[in-house]
Structures are given as C-alpha cells and as structure tokens.
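Spelled out, the chains give:
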Amino acid sequence: MKTIQLRTEIPGPKSRALMQRREAAIPRGPYHATPVFAARSAGAVIEDVDGNHFLDFAGGIGCLNTGHRPPEVDSAIRAQLEKYLHLCFSVTPYEGYVAVAEKLNALAPGKFAKKTLLVNSGAEAVENAVKIARAYSKRPAIIVFNDAFHGRTMMTLALTSKTHPYKAGFEPFPGDVYRLPYAYCYRCSYGLTYPSCKLACATALEDAFKRVVAPESVAAVIAEPVLGEGGFVVPPKEYYPLISEICRKHGILFIADEVQSGIARTGKYFAIEHYGVEPDLITSAKSLGGGLPLAAVTGRAEIMDASGVGGLGGTFGGNPLACASALAALDIIEKDGLLVRSTHLGRAFESRAKAWQRQFAIVGDVRGMGGMCAIELVKDHSSREPHPEATKKIAQYCYEHGLITITAGTYGNVMRILVPLVVSDAQFEEGLDVLEAALGNACGTTAPQPRFATSNS
Ligand SMILES: Cc1ncc(COP(=O)(O)O)c(C=O)c1O
C-alpha cells in the first residue's frame, strides 16, 4: 500500500474554499509552496482537508526531523499542559528551560564551559548571537557570505544575501555588515576548481581585512555550515577549519548558524561537527522544538555572559510547552538513532540522484550532508546555466502527485530534501519515485504519471 493517496483534484474543493478566505484575510506576503490546507499529520504524512494523503519531504522547512507529532512529544506536551503554560522566564523561572540549556550545552561541540539562551525563532537567535558577539568583543562589524540566509528581521535581513523576495523593498538595513563569496564549488566565484584552488574563498578573508574592513573592527564571522535557503551547498572539508583559524588569529568570533542544518539533519547534532570545528556561538531552531517554536544561542560561557543582566530575554522565549517538546524530541533523536538514520537517507538519496545526473541533462549537481540533500537544476551540464523554470515545473509536478517539496537556491533552481528522519525506507523510495517521474516529465522523456495512480495500488 502506497502512502500517497489522492482522492480529489489538487487542491481539492475544501482547500480552494479555505484559500479564498485566506486571500481575503491575510496579506499576500506569506507564500505557500503547496496550497492545500492541512487537516492532520503524523510521521512523514500530511492529510489535507479533502482527504488527500501527501508524503512530506519538506518537514515544515526542516522543523520536523523527529516527524509530525511523535507520540513522545505529544505526551510531553500534554503532561506540561497539566502543570503550567506561560510564566515568562524573566519573571518566574522553571526547570524545562534549564534542562534544554543543559542538554544543548552538552551536545554542542567543544569541551569548554557553555551556556544557552532560549528564544522563539531562528531570526531571533541570530539577532541575539550578534548582540552577544558585540557585547563580548566590543567591536561592531559582522562578516557574512553570499547566498546566506539568516532570517527576515531587519538585522538578519542585513545578513541575508538573496535580494528577491527577501530584501528588496525593505531597505534600509542595519550597517556594519560585510559580505564575501562562499565556498560554492559548483559555481566558484573565483572561477577555480577544488582542490587546486587552495581554498581561495577562505583565504579571501585575510584579503578582506585589507580591502573591506579592519579585523580589529570585526566582532564575528557568521556562516551556515551547510547553506539552507542558499541551496544546500556543502563547503570542502578544509574550509571551516581555515575560516575559524583566521578568526581566532584576529580575535574574531566564529558563529555557526545551524538553524536549518542542526539537530540531527546532517547525521550529527550540528553540521559543523563534520568539520571538526568548535564555534564560539551556535544558533539552533527549527527541529529543536519538535514542532513547537523554540530557538537557541549556545556558546562559550564567558561570551554568553558578556551581556548585562536584563540585556537578553523576551516575553515568550523558552516557553514551557516548547521546552517540554524539545526535551522529548532530543530524546527521540538519541533513542531512535536518528543520526544514523539521517546518514542512511543521505546515502539512499545520493545513489538515486547520481543515476538521475547521468540520465537527465538538467540534473547539474548532486550534493548534501546526510539527510540534508539536494539536486541543482541547470539548462545543461556544460553551461551550468541555472534552470529555475524546470525547477518550478518539477516542484509543481511533485505537488500534484502528492509529494510535498520545497525549492532553494539564489537562482531558485535547487530541489531540497528535508524529509522527517522517521520516514520509512518504502516511503522515502516512493517520494523519490515521484521526484524521478517529475524529472522525466520536465525533460519530456517520460509521460506524466496519472495523478490518481497511487490511490489503490
Ligand atoms: C540558516 C537559517 N538561519 C535563520 C533562519 C530564520 O529562522 P526563522 O524563520 O525561524 O526566523 C533560517 C530559516 O530558514 C535559516 O535557515
């Protein structure tokens, strides 16, 4: 029995009616990758209001590494409901907040003493990391990279790279932010090839200290260990050791933004562990809360303590329900071996996607780290010209055939996989079959599969 079960046209009549209400009541700004309204969800499956069952390869943009509503998270939330909901940690503290902080301090790389601040969203975590880095270093500047995404608040938009739709029209942004090319080997900004490039993109940091901003003015370098919205770009293994060494030499903090790549997504708790680097600060969010909004800044104790009393916090940060959910989700990762599972899913994806790369001229690059994996679509292998039109067509085909996917990349030409790590092997292969059919359809090499073919098979 297949997981994907489509009973109506997509979107179905109830979803279409809800969309009309949505359009009247909500600004057009919030975008929907898949405009069907959810009725319920479990594991890696979402059922919509018309009774259609979708396989979820997006996980609410990487927030569901432990799946939709795992029973342990469900019970932890219910148990917390019996005790108290909101207190505000700045008014009356509670144990859940402390327990999440202790857990993250233990999981984050580095044997040094650490402390953790809890907030509500990824952007808020990055904002606070900047505040903490500035308070500690007494320096203003922040260095970020091309194709980075760090959030939608004003400071994090200054750090984010992609202009449309994120930044355009929302200027001006806070200053003292400087941007350098990233280690995007498939589209090297220097026209070089790894490894003969000798990591020119990392050593460019030293050059920037002469041409762009004085090192003694720089508080921190912020990087996503694996780009998220920027297209799941994985830098070479020497990149972060080099970047962090240059930072250390100049007394600059290195901040790893693990909002998307953290919490088991890449086969480790934090993607930066693959590089053997111990960041001064790490931001996490998304899957941390097991489905509830929770984010964190974890870092060296003396840096985290640089801010004065009352300088950090917020009304809802580290909400008791979200802390209970996070503790249960972190237990699931350990108990159910989700780090190993992530690596397994990554390998399964890679072997299918490498075959697609040989078969389809539009599959330019196959890349990833564990369960954070992607294909980059191009017009042809030799020109590497981005193919956003084919990417849109593939995403639309997947959606119409019951697979929820999301795209990524500065050129909008990357299909990324953020499937809940609890997906079964059969479900994962079923989803990849749909993606393969979508590629064939986009290339005109295979006829579209009927949309309802899966309902009784
Ligand atoms: C790496 C990274 N940083 C920050 C953010 C912002 O997180 P949020 O949407 O929770 O504010 C995101 C969101 O996608 C992200 O991927």
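Residues numbered from 1 in each chain as written. Predicted model: local features only at pLDDT ≥ 70, side-chain atom pairs only at ≥ 80, totals over all residues. Heavy atoms only, no water.

## Looking at the overall build of the protein chain
Of the regular secondary structure elements, the protein chain holds 14 helices and 15 strands. Counting only C-alpha atoms and orienting by the principal axes, one finds that the protein chain spans roughly 60 × 60 × 45 Å. The buried share among the 457 residues of the protein chain stands at 56%. A separation of at least 24 residues holds for 72% of the contacts in the protein chain among residues at least 6 apart in sequence. Carbon together with sulfur atoms contributes 55% to the accessible area of the protein chain, which is approximately 19,300 Å² in total. (Helix = DSSP H or I, 4+ residues; strand = E, 2+ residues; numbered from the N terminus. Buried < 20%, exposed > 50% of the residue type's maximum accessible area, 1.4 Å probe, protein only. Contact = heavy atoms within 4.5 Å. Areas by Shrake-Rupley, 256 points an atom, 1.4 Å probe, with all protein chains shown as cover.)

## Comments concerning the sheet that holds strand β15 (residues 414–417)
The strand order across the open sheet built from four strands is β11-β12-β15-β14, with neighbouring strands paired in antiparallel fashion. The two strands at the open ends of the sheet, each matched to only one other strand, are β11 (363–369) and β14 (406–408). The sheet shows a mean angle of 30 degrees between the axes of neighbouring strands, taken without regard to direction. Each of β11, β12 (372–377) and β15 is contacted by helix α12 (residues 338–359), which is oriented at about 170 degrees to β11, the strand it contacts most. (Pairing = 2+ DSSP bridges. Axes fitted to C-alpha atoms, helices over the stretch in contact; angles between N-to-C directions.)

## Thoughts on the environment of Val233
Within the secondary structure, Val233 sits in the loop between β7 (218–223) and α9 (239–249). Residue Val233 is classed as buried on the basis of its relative accessible area, which comes to 2%. Distance from Val233 to Ala438, taken between C-alpha atoms, is 23 Å for residues 205 residues apart in sequence. When near neighbours in sequence (up to four residues on either side) are disregarded, Val233 contacts Tyr182, Ala183, Tyr184, Pro225, Val226, Leu227 and Arg367.

## A word on the site of the ligand
Close to the ligand lie Ser121, Gly122, Ala123, Phe149, His150, Gly151, Glu224, Glu229, Asp257, Val259, Gln260 and Lys286. One nitrogen or oxygen atom from the main chain of Gly122 is found 2.8 Å from an oxygen atom belonging to the ligand. Within the backbone of Ala123, one N or O atom sits 2.8 Å away from an oxygen atom of the ligand. A total of 390 Å² of accessible area belongs to the ligand in isolation, and the protein chains cover 83% of it. Looking at the shell around the ligand residue by residue, the classes come out as three nonpolar, five polar and four charged. (Near = heavy atom within 4 Å. Polar contact = N/O pair within 3.5 Å; in protein donor to acceptor, adjacent residues only side chain to side chain. Nonpolar A, V, L, I, M, F, W, Y, C, P; charged D, E, K, R; others polar.)

## Some details on α12
Since one α-helical turn is 3.6 residues long, residues separated by three or four positions face the same way. Look at α12: 31 Å from first C-alpha to last across 22 residues, which is about the 32 Å you get at 1.5 Å a residue. Of all the positions in α12, only Leu338, Arg341, Ser342, Leu345, Gly346, Ala348, Phe349, Arg352, Ala353, Trp356 and Gln357 are classed as buried. In this structure, the buried residues of α12 make contact with α11 (320–335), β11, β12, β15 and α14 (425–443). (Expected span 1.5 Å × (residues − 1).)

## Describing the nonpolar core
Within the largest apolar cluster, 136 residues are counted, with the highest numbers of intra-cluster contacts made by Tyr239, Phe254, Phe349, Trp356, Ile375 and Phe428. With nine residues, the top contributor of residues to this core is α11. With sequence-adjacent residues up to four places away left out, Ile375 is seen in contact with Phe349, Ala353, Trp356, Val363, Asp365, Val366, Asn413, Val414, Met415 and Leu439. (Core = buried A, V, L, I, M, F, W, Y, C linked by side-chain atoms within 4.5 Å.)

## A word on α14
With 19 residues, α14 extends 27 Å from end C-alpha to end C-alpha; this agrees with the ideal 27 Å at 1.5 Å per step. By the burial criterion, the buried members of α14 are Gln427, Phe428, Glu430, Gly431, Leu432, Val434, Leu435, Ala437, Ala438, Leu439, Gly440 and Asn441. At the C-terminal side of α14, Gly444 shows a positive phi close to 70 degrees.

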